[in-house]
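Tertiary structure, described
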Amino acid sequence: MVKNMLRWLKKSRSPDKLKNLPELIRNLKDSGDFLHHESKQKDSSFFIYYFKTLVHETELNDHILPYLVEKPLKTLQDIPERVPIPGVIISDDLKEICEKVMRGYVIIRLNANAKDCALIPSQVKKARAVTQPEVEFTVVGSKEAFVESLDTNMHLVRKRLPVHELKAYELTVGKLTNTKVVVLYLDGIANEENVNTVKQRLEDIKVDQIVDSSVLMQLITDNRNSPFPQLIDTERPDRVTSVLCEGKVVVLSDGSPQALIGPTTLVEFFSAFEDYFVNWIVASSARLIRIFAILFSILVTPVYVATLTYHYELIPKDLLGTLVSSRQRIPLPPILEAIFLELSIELLREAGARLPTKVGQTIGIVGGIVIGTASVEAGLTSNVLLIIVALSALASFTTPVYRMSNTIRLTRFPFLLFAHLWGLLGVTVCFSFLIAHLLKLKSLGRPFLEPLYPLRVQDLKDAIIRFPLKFQNKRPIHLQSEDTVRFTPVTEKEKNDFHE
Amino acid sequence: MTRLFLFLVSMILLTGCVQKSILDDIQMVTIIGYDLPDADGEMGQIKGIAVSPQYEADGRIENNVFVQTAELSKEIRSQYNSESPKPFVSGKLEVALFSQDIAETEGIIELVDTLQRDPSIGSRVFLGISSSDMETLLKTNYGNVDTGTFIHDTLSHNSRHGMLPETNLHDFLYNFYSEGNDPFLPLVALDEDKVKIMGIALFKGDKMVSSIDAKDLFTFKVLHQKFSSNDSFTVSLNDEEHAAIYNIASKRDLNLKMIGSNKIVLHGKVLGVIKEYSGEKLTPAKLKEIEMTMEKEIEKKGSEMIEEFQSLNIDPLSLGNNVRSVTRGDFNKEDWNKRYPDMDITFKMDVTITESGVIE
């Protein structure tokens, strides 16, 4: 019984198994939302079939049907001439018919046994309106963010880059979802090798469903076993525009409000797009603070554990009293104390992320204040460590790319373990492992640690410090752009308007 | 894969080799004092007094004092452990004190050597000589503060900004082992509930032979090194007129050109500011007079000091070391030691007063 049903399912799903158009239509009639009816006129009649959930019915009634009934239809060729809608196709290819009808085309047949039919596009385009970016919100700058509709997203990019060099290579990925994926690049600027790498990797994907670009990201990334993201995802069309101009490749996927950017480097994960909106001094100091915050976030708890477990000599004598007296009543060794607190912060974060926004806020307050104070009062953790853990959690959220902050928080745990086992030596060992791993990483085949390693002095203009826009006149070396010069800086004549 | 496996295995196995010392499970000694045992039949040769602070959760600091007598200084530590609930560690040692008795009779290098050999003890530990009874000094409660830190801070700020020349474990060992130097250490004593710096103790080898009183330390520091401090020097012009001169910067120049004919000229230069003046009006002539008087006084004191050093055949001013540095070929230490007591050392002082107050 079950076996039969499965076979039936298989049969009904694959258009390859169906022999002809009438059989396909019979098959489609299994769905309740598939409408079919016959229009009988004096001297001509035609059959019309469509999915009412995919078709814009007002458009069908107002702009398609009137043209079909005004004069009798002789052949299918009359339809594209009469209906003032571009994209009407006449086909007898079953696969194409099936695909089109599933995307909201209307099938018109002249008689019930005809092998060919006309396909008129009349899709309903329902998309969320363009809203403010939520993940990458900036105070200044554009307030538009990508939505789930690929067409809207393409529009957002195209209107910012009105040049014919902007190419959009389209393909469908996913055996069942048939997700439309677009590779965007600027012809003559983006490196051809990079573009081909992305195309190749996308074409090689063999999965049944792509529901979000994050899934694509995992499938086309260079090292899938690394916790570090090797492609940046963004919801800002202006950021996409900006990286396209640099010569990067962007992947947009239907149904996902996130665009993927590659090739990228580690330092890019620590530069917010807002850095380009403010003066270079302000932007650079923000970047320095962020880099400090990352190092602080990874290292401070492990260093606390290492120092308290092995290197009491390193503690300044003025701090000694504070540390010892805060740990006086605590029964746990520093490592358990630290893991206990780190885990509770992770719990809070996870609980907050799974709950609706309003409840999430309450969780934050309950967790932060109640659990923190209570565990100090109960003598489970020292208040010094509580401050350290809270600060390092806070510091991990300064990364502008959300994915990276998850990685940073995760990286802390091996460091903690090593700190407990080997003290500061362990921290150093773990740090060398981290550096070795980062050195090995690639993003679309380009070095991930560039411009720090391999050291490319020219690319340092937009790495740890963002130099003034005047100096950003060359495209980054690591992109191997086909046109390396962005613009020729004009030296301004200095006007002296101070009359003394 | 194999490499990763080996790494993980070695990581787990090697953890057994590291010794943990969790901060709140150790007894940190911050000051240690060595004294000769009391005469009434105590066993052993050395009495060691260790003070370890205990930080209470409510912010109080209690000083635990451990007193042990042993044959060797190394034995003392294991004896401390026998009466302490937590293992003793020496990594936070701030000060090591030696009683004047021990410094004068036994010498202290053996004790200093144990400190130096312990890798967890830093070379910036302060050494000092105490003229009071060590046990009383270390058992005294100096307020809600750990005794080691208290004495360390007293010595530290005085050698950074005050009258003491810089002395620590490293300096002591350098002066002890290098040719043409003799070490000196601060001399402290208990003054009711405070520790007072009485001066410095001068060593010949590792034995204390003499001392300089606290009021002469200004002169000693001028002779010894380049410095600037908050210390002041009082000049008395006559019974009524006194001036306190605050030293901004001082410099010493050694003239060793005439070393062949056994002559050394020491030039001291002081830039000063008058902080206090008890006379009526400070005229330029008066300033000149103050300068002259101060020069003369320091010169006199300094020359006396140098003479004393020569008669004891000690060289805390490291003149020998300076001579060695300008000697071609091998420096003969014995030869120098013979020459030194009869050397003609002249001390010249030059005082410049740059400011005498804001209101003229």
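Model, not experiment: these values are computed from the prediction.

Turning next to the overall build of chain A. In terms of helices and strands, chain A carries 16 helices and 12 strands. A globule of 500 residues ought to have a C-alpha radius of gyration of about 23 Å, yet chain A, at 30 Å, is considerably larger. Taken over 500 residues, chain A has a buried fraction of 46%. The long-range fraction of contacts in chain A, counting pairs at least 24 apart against all pairs at least 6 apart in sequence, stands at 62%. With an accessible surface of roughly 26,100 Å², chain A has 59% of that area assigned to carbon and sulfur atoms. When the 60 basic and 56 acidic side-chain charges of chain A are each reduced to a single mean position, those positions are 4 Å apart.

Another point: the interface of chain B and chain A. Counting residues at the interface gives 26 residues for chain B, matched by 25 residues for chain A. Summing both partners gives a buried area of about 2,400 Å² for chain B against chain A, and 69% of it is carried by carbon and sulfur. At the boundary of chain B and chain A, one finds 2 salt bridges. When the shortest N-O distance is used, the salt bridge between Lys-317 of chain A and Asp-153 of chain B registers 3.4 Å. The interface formed by chain B and chain A includes 10 residue pairs in polar contact (both at pLDDT 80 or more). Secondary structure elements with two or more residues in the side of chain B that touches chain A: helix H1 (2-14) and helix H6 (147-160) of chain B. Its residues assigned to classes, the side of chain B that touches chain A comprises 11 nonpolar, 8 polar and 7 charged.

Residues and elements named next belong to chain A. Closest axis-to-axis distance for the helix H14 (residues 383-396)/helix H15 (residues 402-422) pair is 9 Å, and the angle between their directions is 145 degrees. Residue-level contacts link Ser-392, Ala-393 and Ser-396 of H14 to Ser-405, Ile-408, Arg-409 and Arg-412 of H15. Its residues placed into classes, the contact of H14 with H15 shows 2 nonpolar, 3 polar and 2 charged.

This part takes up the sheet that holds strand S2 (residues 31-35) of chain B. Residue and element names in this part refer to chain B. The strand order across the open sheet formed by 8 strands is S4-S3-S2-S6-S7-S8-S9-S10, and the pairing between neighbours is mixed. Each edge of the open sheet is held by one strand with a lone partner, namely strand S4 (61-70) and strand S10 (207-213). Put simply, the sheet's adjacent strands are angled 30 degrees from each other on average, direction ignored. In terms of strand pairing, S2 meets strand S3 (residues 46-55) through 5 bridges, oriented antiparallel. Among the inter-strand pairings, Asp-35 is bridged to a residue of S3, identified as Lys-47. Lying on the sheet, helix H9 (residues 284-312) is in contact with strand S9 (194-204) and S10; it crosses S10 at an angle near 170 degrees.

Once that is clear, we can look at helix H7 (residues 169-177) of chain B. Residues and elements named next belong to chain B. Every buried residue of H7 is listed here: Leu-169, Phe-172, Leu-173 and Asn-175. Buried positions in H7, seen along its axis, are confined to an arc of 165 degrees and lie on one side of it. Packed against the buried residues of H7 are helix H4 (109-117), strand S7 (126-130) and strand S8 (184-191). Residue Asn-168 occupies the N-cap position of H7, its side-chain oxygen lying 3.1 Å from the main-chain nitrogen of His-170.

What follows deals with the pairing of strand S13 (residues 263-277) of chain B. All names here are of chain B. Pairing between strand S12 (residues 242-255) and S13: 12 bridges, direction antiparallel. Residue pairing for S13: Ala-244 is matched across the bridge by Glu-276. Bridge count for S13 against strand S14 (residues 344-355) is 11 bridges, and the pairing is parallel. In the sheet register, Ile-264 faces S14, and the bridge partner there is Ile-345.

Right, let's get into the environment of Leu-219 of chain A. All names here are of chain A. For Leu-219, the location among the structural elements is in helix H8 (residues 213-220). A sequence separation of 15 residues divides Leu-219 from Asp-204, and the C-alpha atoms of the two residues are 9.5 Å apart. Among residues more than four places away in sequence, those in contact with Leu-219 are Ile-205, Val-207, Ile-210 and Arg-224.

Attention now moves to the pattern of salt bridges. Should the charged atoms of two oppositely charged side chains come close, the side chains can pair. Enumeration over the complete set of coordinates arrives at 35 salt bridges over all chains. For Lys-248 of chain A, the salt bridge identified is with Glu-268 of chain A, shortest N-O distance 2.8 Å. One end of the pair, Lys-248 of chain A, is in the loop between helix H9 (237-246) and strand S9 (249-253); the other, Glu-268 of chain A, is in the loop between strand S10 (259-262) and helix H10 (280-309), with 20 residues separating them in the sequence. Side by side, Lys-248 of chain A and Glu-268 of chain A carry an identical accessibility label, which is buried. With a closest N to O distance of 3.7 Å, Lys-286 of chain B and Glu-289 of chain B form a salt bridge.

Turning next to a negative patch on the surface. All names here are of chain A. On the surface, a cluster of negative charge is contributed by Glu-165, Asp-187, Glu-192, Glu-482 and Asp-483. Mapped onto the fold, Glu-482 is located in the segment after strand S12 (446-447). When its relative accessible area of 45% is taken as the criterion, Glu-482 is described as partly exposed.

Let us now look at the side chain of Ser-375 of chain A. Residues and elements named next belong to chain A. By the element assignment, Ser-375 lies in helix H13 (residues 357-377). Judged by relative accessible area, Ser-375 falls into the buried class, the value being 6%. From its side chain, Ser-375 meets the backbone oxygen of Gly-372 in a polar contact 3.0 Å long.

For the rest of this paragraph, the subject is the domain arrangement of chain B. All names here are of chain B. Looking at chain B, the domain boundaries give domain 1 (23-213) and domain 2 (226-360). Averaged C-alpha coordinates put domain 1 and domain 2 at centres separated by 32 Å. In this assembly, 16 residues from domain 1 lie in contact with 19 residues from domain 2. Looking only at domain 1, the three residues that lose the most surface to domain 2 are Glu-179, Gly-180 and Asp-182, adding up to 35% of its buried area. The tally of links from domain 1 across to domain 2 stands at 0 salt bridges. The tally of links between domain 1 and domain 2 comes to 5 residue pairs in polar contact (both at pLDDT 80 or more). Where the side of domain 1 that touches domain 2 is concerned, the elements lending two or more residues are S9 and S10.

The next subject is unusual backbone geometry. The omega torsion of the bond from Gly-262 of chain A to Pro-263 of chain A falls at -10 degrees, within 30 degrees of zero and hence cis. Cis geometry is found at the peptide bond from Tyr-453 of chain A to Pro-454 of chain A, where omega equals -5 degrees. Relative to the assigned elements, Pro-454 of chain A resides in the segment after S12. Positive phi values are uncommon outside glycine, yet Asn-262 of chain B reaches one of about 55 degrees. Inspection of the secondary structure assignment puts Asn-262 of chain B in the loop between S12 and S13. Residue class for Asn-262 of chain B comes out partly exposed when judged on its relative accessible area of 23%. With phi around 55 degrees, Asn-313 of chain B is a residue other than glycine that occupies positive phi space. Along the chain, Asn-313 of chain B turns up in the loop between H9 and helix H10 (319-325). Among the residues examined, Asn-313 of chain B registers a relative accessible area of 24% and is labelled partly exposed.

Calculation criteria
Residues numbered from 1 in each chain as written. Chains lettered and ligands numbered in written order. Predicted model: local features only at pLDDT ≥ 70, side-chain atom pairs only at ≥ 80, totals over all residues. Heavy atoms only, no water. Helix = DSSP H or I, 4+ residues; strand = E, 2+ residues; numbered from the N terminus. Rg over C-alpha atoms; globule rule 2.2 N^0.38 Å. Buried < 20%, exposed > 50% of the residue type's maximum accessible area, 1.4 Å probe, protein only. Contact = heavy atoms within 4.5 Å. Areas by Shrake-Rupley, 256 points an atom, 1.4 Å probe, with all protein chains shown as cover. Lys, Arg positive; Asp, Glu negative; His and termini not counted. Charge placed at Lys NZ, Arg CZ, Asp CG, Glu CD. Buried area = accessible area lost by both parts, 1.4 Å probe. Salt bridge = Lys/Arg side-chain N within 4 Å of Asp/Glu carboxyl O. Polar contact = N/O pair within 3.5 Å; in protein donor to acceptor, adjacent residues only side chain to side chain. Nonpolar A, V, L, I, M, F, W, Y, C, P; charged D, E, K, R; others polar. Axes fitted to C-alpha atoms, helices over the stretch in contact; angles between N-to-C directions. Pairing = 2+ DSSP bridges. Arc of directions from axis to C-beta. Patch = residues over 30% accessible without salt bridge, like charges linked within 9 Å, V, L, I, M, F, W, Y side chains within 5 Å. Domains from an automatic or database assignment.

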